[in-house]
Amino acid sequence: MSNKISRKGFLKIAAATAMSGATAGVLAACEAASSSVAASSSAAAGVYTPGTYTAEATGIGANPITVTMTFDAEKITDVQIDVSGETAGYGADIGDEMIEKILSAQSSEVDGHSGATITSDAIKKAAENCINQAKGVATAPTTSNKAETVVPEGLTTEEVESSVVELGDITPDETMDFDIVVVGAGAAGVPAAGWAAELGASVALLQKQSVVVSQGNCGSAIIHSKSTPAGEKMWVHMTNGLCDWRADTDLLNAYVEHSEEALMWYLNRAGLTAETEYGDGSLVDDNANPSALLHNDEKEINCYMCTSQDLTGVWQDRMDTYDFGGEHCYFFAPWIGPKPKNVGDVLAVVLENVQAACPNLETFFNTPAVKLVVDDAGKVTGVIGKDADGKYIQFNAAKGVILATGDYMNNDAMVRRWCPDIENFDKKQFQKTGDGHIMAIAAGAKMENLGHTKMMHDFDSGLMYEEPFLYVDMEGHRFCNEDTGFVYMGNITKYTPAYNGNNVDSNHPNGSQGWYCQIYDSDYMSYAKAPVPEAGMLKYIPGAVENPEGVFENLLDTYKADTLEELAALLDIPADALEESVARYNELCDQGADVDFGKSMKYMHKIEKAPFWGIRKHIRVSSVDSGVNTNAYGQALDAEGNVIDGLYCVGNLGGTFYGGADYPFHQTGLSLGRCYTFGMIAAKHALGEL
């Protein structure tokens, strides 16, 4: 089965692709082209060999998905699907639905489940294999043996074998030639491939999964026309300070210089149009009505919120203060969605629109890169990919390989070695197994020094996540000064009891770290720093609002009750412990001093007026933002700081952009903005445009 997106087939739908006038102008040099992913074959009418057949395929969980199908001579009589290794609330919940669809259609060619595309595709792939077995058709194995494991200096056997990388001798079955090869279709890889194609290069974009994959909703940029040169340099200095003075400021300066161009390209290629043209500042002037600023009605994506900010005067974020004086640094931070759509959905539109105009961009889904090709001089000249049928394809890259494979949070061995703080926390992403890190290190790149940067938060269980209300652990006990800022709660909850709640990942069947509850009463509007009216919070209460918009329903965890005892039951914490914690908290409020944890009295407010509120927070790992050392162009560096010719590492794979142990949350969307920016920078540099 070929997963290559063909140029020829796309011509039929290219005319239907909506692009803005600006996009059409920029892409005029590219020919219209099109692509379509080959669909799984269905069971043709005919005689099966009666029996029961089993096949496996990889979803998003640590364990493979197993499909077992029973046939009589003429039809499929039974289907069993084991998705127990998939994530609760996503793929683990769709087994019965997919069984019904396959039995009804008598085919593997069925619609998947929206929101669980990777799991759906894996089920269909394994079902197709079972059907082919029953028909006596020769089938390729769904799980191929890897080449002999070779472990280069700087890595361990477990790290390599926990990835898709194969570092032994490989003889490719096919060779293809391109100018640029990009590995990873995400927030850095799609821009890298798009920019390279628009600049006229022949481009191959390889993706391990069957779809574009990214997360989050906000990517931001520094807007030059609204900033002063000194203000931009102050931003670099401030950001470095928030990263414990461990950031490579060359990379921060590259972001400042290029992020505006990168973000506007991304928005434009997504077909997000403004009421007025960008250029006079109107696009970034007003946060009051963001949906009017950017929208693509055909694709049902829009800007549903902006958290843009002008850093000027005295800036304060939690315990950090910085004085910009009269200088300005303005960042534009549009949130695109709305949820449950995310940047992955938007990037899919970007890729579709670029491919419709540029047939020189070819995509290869279900084709992970397993090894870099390196010549005798140490130059990276291509990659070897492995398609869904187990065929090895060598993709030669005349002008550069751009690795944009994301982080390593799902490679347990790498986590234990490089970022052990997150080992017992649940992960928000899947199949992020450090493939790019391992291939780059095998080619001579140096991993960033220990102290890897982690991003941990929970925006989805409820609103007012930053409010310093009373916090209790899952045993009902107060455990910290709540004026910490929830973005650092991952550090504090390393020492609190684990909990086995909703959406615990498959690696933590007995519970995970990162759980706690915010407790407040119905008088909160008078004491919250940024209060949200009750009407705004209702859609975060499970089942309170029918078909709530802009949320992930499986992550909602906000509750309201007439008594503390009832609230404790909803939060699954001991009622007596919660009541004791509230009584002690109220006592401290009366005393006028928090002698237990030292919180400022301006945040101490008694919890006594019913109804009572609670939000069960689940801090999970969004990303590990550390990779191999790079320069400001995204070129990988060896241990001596020398450029590895032909190799670029971007996104969460590349460079000491942060350097501190914690991601600095001073600018919304900095992480995705960095990805867009360095994807663009790498493509331009590889083609001599920078």
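Residues numbered from 1 in each chain as written. Predicted model: local features only at pLDDT ≥ 70, side-chain atom pairs only at ≥ 80, totals over all residues. Heavy atoms only, no water.

**Q** Summarise the environment of Gly490; cite the residues concerned and give the values.
**A** With respect to the helices and strands, the residue Gly490 is situated in helix H13 (residues 489-492). Note: C-alpha distance between Gly490 and Asp421 (69 residues apart in sequence) is 8.7 Å. (Helix = DSSP H or I, 4+ residues; strand = E, 2+ residues; numbered from the N terminus.)

**Q** Residue-level account of the sheet that holds strand S20 (residues 515-521), with values.
**A** Read from one edge to the other, the open sheet built from four strands follows the order S19-S20-S22-S21, with strand pairing classed as antiparallel. For this open sheet the edge positions go to strand S19 (470-472) and strand S21 (558-561), each flanked by a neighbour on one side alone. Each neighbouring strand pair of the sheet contributes to a mean axis angle of 25°, computed without reference to strand direction. Along the sheet face, helix H15 (residues 564-571) touches S20, S21 and strand S22 (612-618) and points at about 20° away from the line of S22. Together, S19 and S20 form the strand contacts of helix H16 (residues 575-591), whose direction differs from that of S19 by roughly 150°. (Pairing = 2+ DSSP bridges. Axes fitted to C-alpha atoms, helices over the stretch in contact; angles between N-to-C directions. Contact = heavy atoms within 4.5 Å.)

**Q** Can you break down the side chain of Ser512 residue by residue, with the values?
**A** In this fold, Ser512 is placed in the loop between H13 and S20. A distance of 2.6 Å separates a polar atom in the side chain of Ser512 from a polar atom in the side chain of Asp426. For Ser512, the side chain forms a polar contact with the side chain of Trp515, separated by 3.0 Å. If near-sequence neighbours (up to four positions away) are discounted, Ser512 is found in contact with Asn424, Asp426, Ala498, Tyr499, Val504 and His618. (Polar contact = N/O pair within 3.5 Å; in protein donor to acceptor, adjacent residues only side chain to side chain.)

**Q** Break down the sheet that holds strand S2 (residues 65-71) for me, with residues and values.
**A** Taken in spatial order, the three strands line up as S1-S2-S3 in an open sheet, and their pairing is antiparallel. What marks the edges here is a single partner per strand, and that holds for strand S1 (51-57) and strand S3 (76-82). Ignoring which end each strand starts from, the neighbouring axes of this sheet average 15° apart. The sheet contact formed by S1 and S2 spans seven bridges and is antiparallel. For Ala55, the partnering residue across the bridge sits in S2 and is Val67. Helix-sheet contacts for helix H3 (residues 95-105) involve S2 and S3, and the interaxial angle to S3 is about 160°.

**Q** Account for the environment of Ile99, naming residues and giving values.
**A** Of note, Ile99 is situated in helix H3. Relative accessible area serves as the criterion here: at 16%, Ile99 is assigned to the buried category. Each C-alpha atom, one on Ile99 and one on Asp78, is 8.4 Å from the other, the two residues being 21 residues apart in sequence. Once residues lying within four places of it in the same chain are set aside, the contact partners of Ile99 are Val79, Gln80 and Ile81. (Buried < 20%, exposed > 50% of the residue type's maximum accessible area, 1.4 Å probe, protein only.)

**Q** So what's going on with the nonpolar core? Which residues, and what values?
**A** Formed by 138 residues in total, the largest nonpolar core has its most connected members in Val181, Trp235, Tyr266, Phe395, Leu403 and Leu647. Sorting elements by how many residues they give to this core places helix H8 (residues 249-269) first, with 11 residues. Setting aside its immediate chain neighbours within four residues, Tyr266 contacts Ile336, Val343, Val346, Leu347, Val350 and Tyr676. In terms of nonpolar packing, the next biggest core, distinct from the first, is built from 25 residues, Tyr48, Val67, Ile81 and Ile99 among them. (Core = buried A, V, L, I, M, F, W, Y, C linked by side-chain atoms within 4.5 Å.)

**Q** A description of the pairing of S20 should follow, citing residues and the corresponding values.
**A** If a strand is regular, its side chains alternate between the two faces of the sheet. Extensive coverage of S20 is indicated by the burial of seven of its seven residues. Here S20 shows two buried faces, one formed by Trp515, Cys517, Ile519 and Asp521 and the other by Tyr516, Gln518 and Tyr520. Where S19 meets S20, three bridges bridge the pair, whose relative direction is antiparallel. Across the sheet, residue Val472 finds its bridge partner in S20, namely Cys517. Judged from the seven bridges that link them, S20 and S22 form a sheet pairing that is antiparallel. Considered in S22, the bridge of Ile519 is made with Gly614.

**Q** Run through unusual backbone geometry, naming residues and quoting values.
**A** Residues Lys339 and Pro340 are joined by a peptide bond in cis, for which omega reads 10°. Unusually for a residue other than glycine, Gln106 sits at a positive phi of about 55°. Note that Gln106 resides in the loop between H3 and helix H4 (117-135). Phi at Met464 takes a positive value of approximately 55°, unusual for a residue other than glycine.

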